[in-house]
Amino acid sequence: MFLIRRNQVNKDGKCAIIIKITVDSEYERLNSTLSIEPDLWDAAASKAIGRSSKIAECNKRIEDMRHVLKEHYYDLLNRHGYVTAEMVKNAFTGVTAKEESLVTLYLQHLEDTKKLIGISKRKTALPLVALSLIIRHNLIIQFFGLHSLLVWKIICNFASFPKVK
């Protein structure tokens, strides 16, 4: 949704157009860098009123931003399975979250599996999880030609697993 700050009029008599991103009643605001005269703004339609070239350009930029915001929303939904207003704002402004590599995720899975031994996992599960990690990592190295020192960390962790009786 696009809004104007009617209470903050600049020296040219224009108000800043702000973007209010709302997802599940949670919202974030950010500045659109656009401004317009308050009497030329249609709050219900969230766009400028008029036919001048400046109004048409303003409305086109608003529609472009709306389109990009929707793309970010659906992209985040497809990648993460959920979306927050902050995630959409960060994607729109170029702030990226820390991306986790496959190896990092597997190491976390390995740690989680260690914690579950004796509760819902048997001791035999841990070496199998580590072995699948090493095999997948080696496939990635062969396919993409990537090399990582993390594989040594994984092998060292694998060597320190409890012996299965």
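Bear in mind the structure is a predicted one, so any value in this text is a computation, not a measurement. (Residues numbered from 1 in each chain as written. Predicted model: local features only at pLDDT ≥ 70, side-chain atom pairs only at ≥ 80, totals over all residues. Heavy atoms only, no water.)

Trainee: How would you sum up the overall build of the protein? Please name residues and give values.
Mentor: When helices and strands are tallied, the protein shows five helices and five strands. Element order for the protein, N to C, with α for helix and β for strand: β-β-β-β-β-α-α-α-α-α. The buried share of the protein, reckoned over its 165 residues, is 26%. The contacts in the protein between residues at least 6 apart in sequence include a share of 40% that link residues at least 24 apart. Summed over its atoms, the accessible surface of the protein is roughly 11,700 Å², and 56% of this surface lies on carbon and sulfur atoms. (Helix = DSSP H or I, 4+ residues; strand = E, 2+ residues; numbered from the N terminus. Buried < 20%, exposed > 50% of the residue type's maximum accessible area, 1.4 Å probe, protein only. Contact = heavy atoms within 4.5 Å. Areas by Shrake-Rupley, 256 points an atom, 1.4 Å probe, with all protein chains shown as cover.)

Trainee: Mind laying out the side chain of Ser-46, listing which residues take part and the relevant values?
Mentor: Structurally, Ser-46 is set in the loop between strand E4 (41-42) and strand E5 (47-48). A polar side-chain atom of Ser-46 sits 3.3 Å from the main-chain carbonyl oxygen of Phe-2. Apart from the residues within four sequence positions on either side, Ser-46 is in contact with Met-1, Phe-2, Trp-41, Ile-62 and Arg-66. (Polar contact = N/O pair within 3.5 Å; in protein donor to acceptor, adjacent residues only side chain to side chain.)

Trainee: Explain the pattern of salt bridges to me, using residue names and the numbers behind them.
Mentor: Tallying each qualifying case throughout the model produces four salt bridges. Its salt-bridge partner being Glu-63, residue Arg-66 comes within 2.4 Å of it at the nearest N-O pair. With Arg-66 and Glu-63 both in helix H1 (residues 53-80), this residue pair falls three residues apart, about one helical turn. Across the salt bridge formed by Asp-75 and Arg-79, the nearest N and O atoms sit 3.0 Å from each other. (Salt bridge = Lys/Arg side-chain N within 4 Å of Asp/Glu carboxyl O.)

Trainee: Could you give an account of the packing of H1 against helix H2 (residues 85-93), naming the residues involved and the relevant values?
Mentor: As a packed pair, H1 and H2 sit with axes 9 Å apart at the nearest point and diverge in direction by 120 degrees. Relative to H2, H1 is oriented oblique. For the element pair H1 and H2, the recorded crossing hand is right-handed. Contacts between H1 and H2 involve Met-65, Val-68, Leu-69, His-72, Tyr-73, Leu-76 and His-80 from the former and Met-87, Val-88, Ala-91 and Phe-92 from the latter. Tallied by class, the residues present in the contact of H1 with H2 amount to nine nonpolar, two polar and no charged. (Axes fitted to C-alpha atoms, helices over the stretch in contact; angles between N-to-C directions. Parallel < 35°, antiparallel > 145°, perpendicular 65-115°, else oblique. Left-handed = near helix turned anticlockwise from the far one by under 90°. Nonpolar A, V, L, I, M, F, W, Y, C, P; charged D, E, K, R; others polar.)

Trainee: Residues and numbers for the pairing of strand E1 (residues 2-9), please.
Mentor: Note that E1 and strand E2 (residues 15-23) share four bridges and pair antiparallel. Bridging across to E2, Ile-4 finds its partner in Ile-17. Hairpin connection, E1 to E2: the antiparallel pair is bridged by five residues, and Gly-13 has positive phi, about 80 degrees. (Pairing = 2+ DSSP bridges.)

Trainee: Which residues make up the nonpolar core, and what values do they have?
Mentor: The nonpolar side chains of a soluble globular protein tend to be buried with one another. In terms of nonpolar packing, the biggest core is built from 22 residues, with Phe-2, Ile-17, Ile-19, Ile-21, Ile-36, Trp-41 and Ile-62 touching the most fellow members. Residues in contact with Phe-2, not counting those within four places in the same chain, are Ile-17, Ile-18, Ile-19, Trp-41, Ser-46, Ile-62, Met-65 and Arg-66. (Core = buried A, V, L, I, M, F, W, Y, C linked by side-chain atoms within 4.5 Å.)

Trainee: An account of the environment of Tyr-73 is requested, with residue identities and associated values reported.
Mentor: With respect to the element layout, Tyr-73 can be found in helix H1. Spatially, the C-alpha atoms of Tyr-73 and Val-88 are 5.8 Å apart, while their sequence positions differ by 15 residues. With residues near it in sequence (within four places) discarded, Tyr-73 still touches Val-23, Val-83 and Val-88.

Trainee: Describe the sheet that holds strand E3 (residues 26-36), with residues and values.
Mentor: In spatial order, the strands read E1-E2-E3; together these three strands make up an open sheet with antiparallel pairing. The open sheet has two edge strands, E1 and E3, and neither has a second partner. For this sheet, the mean inter-axis angle between neighbouring strands, taken without regard to orientation, is 35 degrees. Note: E2 against E3, nine bridges, orientation antiparallel. Along E3, the bridge assignment pairs Ile-17 with Leu-34. Along the sheet, H1 contacts E1, E2 and E3; its crossing angle with E3, the most-contacted strand, is approximately 155 degrees.

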